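# Analysis of the macromolecular model
Listed below, chain by chain, are the residues.
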Amino acid sequence: MIRQTKCALIVVDLQIDFCPGGTLGISAGDSIIPVINDLIDIFHTNGLPVIFSRDFHPADHMSFTDQGGIWPTHCVKGTKGSDFHPLLTIPSDARVISKATEKNKEAYSAFDGTELTQILGDEKITCIMICGLATDYCVKATALDGIDEGFRVIVVKDAVRGVEVSEGDINKAFDQMKNAGVTEYSSADVKRNLSS
Ligand code: VGL
Ligand code: ZN
């Protein structure tokens, strides 16, 4: 029997507040957008699902400094900063997943408290390719949960950027993902894989 691999692309939190100029702007966070737009195009052309997660907080979310949390106010539902970056190409049939929508709960992973597992199951997805922001928070948490949920997980290393609150956090995140069984691909590897 030939086992079929079917991949979905998960674009994590490519929102205005996480890009330079945003309230939690990640250095060069917007520089990965052309790479991601290419990936979106390839998946779309191949009829494979593209899923966009977004950090979508209430104005008084517990992660914000004024609530005793560690982050500046960011990605508040209904504000411009929570919008996807305008240069990101979002297909009309794309799925959008909102996370960390509850005041008293942090949720870095796109699986946490969302319908993501169900969407992937409905589409018979066995493999997820992850790109977006931030390597050391939501990308990492999503990748690790993906492994726990039984998916083959690939992180696209030239299509992610990290916050790096402390020096070395990004490298640590890559190590942690690798140790958990996450595979690293370049966007060129993805293209080679999906066009063969
Ligand atoms: C994220 C910090 C706070 C992320 C979300 O999307 O990686 N990071 N909230
Ligand atoms: Zn957040």
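This write-up is about the structure you can find in this document. These numbers were taken from a predicted model, which means no experiment stands behind them.

Looking now at the coordination of the zinc ion (ligand 2). In ideal tetrahedral geometry, four donors around a metal make angles of 109.5 degrees, whereas ideal octahedral geometry with six donors gives angles of 90 or 180 degrees. Within the protein, Asp-55 (OD), His-57 (NE2) and His-74 (NE2) serve as the donor atoms for the zinc ion (ligand 2), at 2.0 to 2.2 Å. With four donor atoms in place around the zinc ion (ligand 2) and angles of 85 to 169° between them, the coordination shape is irregular.

Overall, the coordinates contain one cavity of 30 Å³ or more when judged by the stated rule. There is about 130 Å³ of room inside the largest cavity. Around the largest cavity, the lining comprises 15 residues; the ones closest to its centre are Phe-18, Leu-24, Tyr-108, Tyr-137 and Cys-138. In terms of residue class, the lining of the largest cavity is built from ten nonpolar, two polar and three charged.

Another point: the sheet that holds strand E5 (residues 152–161). Strand order in this open sheet of six strands is E3-E2-E1-E4-E5-E6, and the pairing throughout is parallel. Sheet topology places strand E3 (95–99) and strand E6 (183–185) at the edges, where each strand pairs with a single neighbour. Sheet twist, expressed as the average angle between the axes of neighbouring strands with direction ignored, equals 25°. Relative to E3, strand E2 (residues 50–55) runs parallel, the two being bridged by five bridges. Looking at E3, one finds that Ser-53 is bridged to Ile-97. The strands touched by helix H5 (residues 187–195) within the sheet are strand E4 (127–133), E5 and E6, with E6 carrying the most contacts at an inclination of about 95°.

Here is what the cut-offs are and how they apply
- Residues numbered from 1 in each chain as written.
- Chains lettered and ligands numbered in written order.
- Predicted model: local features only at pLDDT ≥ 70, side-chain atom pairs only at ≥ 80, totals over all residues.
- Heavy atoms only, no water.
- Donors = N, O, S within 2.8 Å, 3.2 Å for Na, K, Ca; no water.
- Tetrahedral: all angles 85-135°; square planar, octahedral: opposite > 155°, others 65-115°.
- 1 Å grid on protein atoms, 1.4 Å probe; cavity = no way out; pocket = protein on both sides within 12 Å on 5 of 7 lines; lining within 4 Å.
- Points joined across faces, edges and corners; volume = space filled by probe spheres on them.
- Nonpolar A, V, L, I, M, F, W, Y, C, P; charged D, E, K, R; others polar.
- Pairing = 2+ DSSP bridges.
- Helix = DSSP H or I, 4+ residues; strand = E, 2+ residues; numbered from the N terminus.
- Axes fitted to C-alpha atoms, helices over the stretch in contact; angles between N-to-C directions.
- Contact = heavy atoms within 4.5 Å.

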